[in-house]
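Observations on the model geometry
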Amino acid sequence: NVQPGQILATRGADESIKLLTRVFCEPHKDSVLVHPPTFGIYKVDAGSLPVETVEVPLVEEAGSFSLNTEEMIETAKSKKAKIVYICSPNNPTGWTMPAEEQAIVLEHCRRRGIWVVADDVYSRLYRHADCAPSFLSIAEPDDLLISVNSFSKCWSMTGWRLGWLVAPASLEARLGQLTEFNTSCTAGFVQDA
C-alpha cells in the first residue's frame, strides 16, 4: 500500500520520533499520548521540546497486558493530544494491539485530526504470525498515520543507526528539511549495507 514519496530513511527510530514531535507539536502548548510501560524515547523527547506527555498505562491482568482503548480515546480527546504513540508489539511487555482495536483508534483519530504514530520496530518479532497487526494494513492514503521502523531489532543491526518512516507524501518536504538540518542524512555506507 505504500506509495512513492512516503518513505524517509532516518538515523534509527529515535530520530524518527524526534522529527515527528517537532513537526506536529508546539512547545509549551501541545500534548502527546503514550501507554507505559513503553520505550522511554517518547517521554524524554516530548520533555525536551517541551511538550506534555499524557499517559494511559497498559493494564496487567493474570500475566498479560491490555490497553483500555476507550480510556485512551477519551484522554486523547480531553487533553487535545496532537500525537498518539502506539508501540506494538510493545517494548518491554510484548503486548500487541489487536487489529480490531487499531481500527477503533484510527477511526477516532481520523475524526479528531490526531496523528497516530505506530512504532513498528518489533513487528517482525511476533510469534503468532509473520508480522504483528499493522495500522498500515488498514489505513487510507490520507490518514494521519506514520509508521516508525528500524533495522536494529529484526535485522540485528543495533548500533548501525538506520531506520525509516512511512508517512504521507505531503510531509516529505518538512521531514526532509528537518532531517537535513539535524543529521544531514543517514550515512551512505550504512544504507548500502
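Residues numbered from 1 in each chain as written. Predicted model: local features only at pLDDT ≥ 70, side-chain atom pairs only at ≥ 80, totals over all residues. Heavy atoms only, no water.

Every α-helix carries 3.6 residues per turn, so stepping three or four residues along brings you back to the same face. Buried within helix α2 (residues 41-48) we find I41, Y42, D45 and A46. An end-on view of α2 places all buried positions within 120 degrees of arc, on one side of the element. Elements that come into contact with the buried residues of α2 comprise α1 (12-24), β2 (31-34), β3 (52-55), β6 (81-87) and β7 (115-119). (Buried < 20%, exposed > 50% of the residue type's maximum accessible area, 1.4 Å probe, protein only. Helix = DSSP H or I, 4+ residues; strand = E, 2+ residues; numbered from the N terminus. Arc of directions from axis to C-beta. Contact = heavy atoms within 4.5 Å.)

Going residue by residue along strand β9 (residues 163-166), you find G163 and L165 tucked away on one face and W164 and V166 tucked away on the opposite face as well. Judged from the four bridges that link them, strand β1 (residues 7-10) and β9 form a sheet pairing that is antiparallel. Considered in β9, the bridge of T10 is made with G163. Pairing geometry for strand β8 (residues 145-150) and β9, over four bridges, is antiparallel. Paired with S150 across the bridge in β9 is G163. (Pairing = 2+ DSSP bridges.)

In this section: the packing of α1 against α2. With their axes 10 Å apart at the nearest point, α1 and α2 run at an angle of 40 degrees to one another. Viewed along their axes, α1 and α2 adopt a mutual orientation that is oblique. Relative to α2, α1 is oriented so that their crossing is right-handed. Residues D14, I17, K18, T21 and R22 of α1 form the contact with α2, whose participating residues are I41, Y42, D45, A46 and S48. When the residues that make up the contact of α1 with α2 are grouped by side-chain class, the tally is four nonpolar, two polar and four charged. (Axes fitted to C-alpha atoms, helices over the stretch in contact; angles between N-to-C directions. Parallel < 35°, antiparallel > 145°, perpendicular 65-115°, else oblique. Left-handed = near helix turned anticlockwise from the far one by under 90°. Nonpolar A, V, L, I, M, F, W, Y, C, P; charged D, E, K, R; others polar.)

This next bit is on the packing of helix α3 (residues 69-78) against helix α4 (residues 99-112). Relative orientation and spacing of two packed helices are given, respectively, by the angle between their axes and the distance between those axes. Interhelical geometry of α3 versus α4 gives an angle of 15 degrees and a closest axis separation of 10 Å. Classified by the angle their axes make, α3 and α4 are roughly parallel. Seen along the crossing, α3 lies across α4 with a hand that is right-handed. Residues T69, M72, I73 and K77 of α3 form the contact with α4, whose own contacting residues are E101, I104, V105, H108 and R112. Of the residues that constitute the contact of α3 with α4, the class distribution is four nonpolar, two polar and three charged.

Time to look at the pattern of salt bridges. Under the counting rule described, the total for this entry stands at nine salt bridges. As a salt-bridge pair, R161 and D14 come within 4.0 Å of each other at their nearest N and O atoms. Highlighted residues: R161 in the loop between β8 and β9 and D14 in helix α1, separated in sequence by 147 residues. According to the relative accessible area criterion, R161 is partly exposed, its value standing at 30%. For D14, a relative accessible area of 25% translates into the label partly exposed. Residue E52 pairs with K79 through a salt bridge whose shortest N-O separation is 3.9 Å. (Salt bridge = Lys/Arg side-chain N within 4 Å of Asp/Glu carboxyl O.)

Another aspect to go through is α1. The end-to-end C-alpha distance of α1 is 19 Å, a good match for the 18 Å that 13 residues give at a rise of 1.5 Å each. Taken together, the buried positions of α1 are occupied by G12, A13, E15, S16, I17, L19, L20, T21, V23 and F24. (Expected span 1.5 Å × (residues − 1).)

Inspection of the secondary structure assignment puts A46 in helix α2. Taking the relative accessible area as the measure of exposure, A46 reaches 0% and is therefore buried.

Here we come to the side chain of T38. The topology assignment puts T38 in the loop between β2 and α2. Among the polar contacts made by the side chain of T38, one reaches the side chain of N90 at a distance of 3.2 Å. Not counting residues up to four positions away in its chain, the partners in contact with T38 are C87, N90, N91 and P92. (Polar contact = N/O pair within 3.5 Å; in protein donor to acceptor, adjacent residues only side chain to side chain.)

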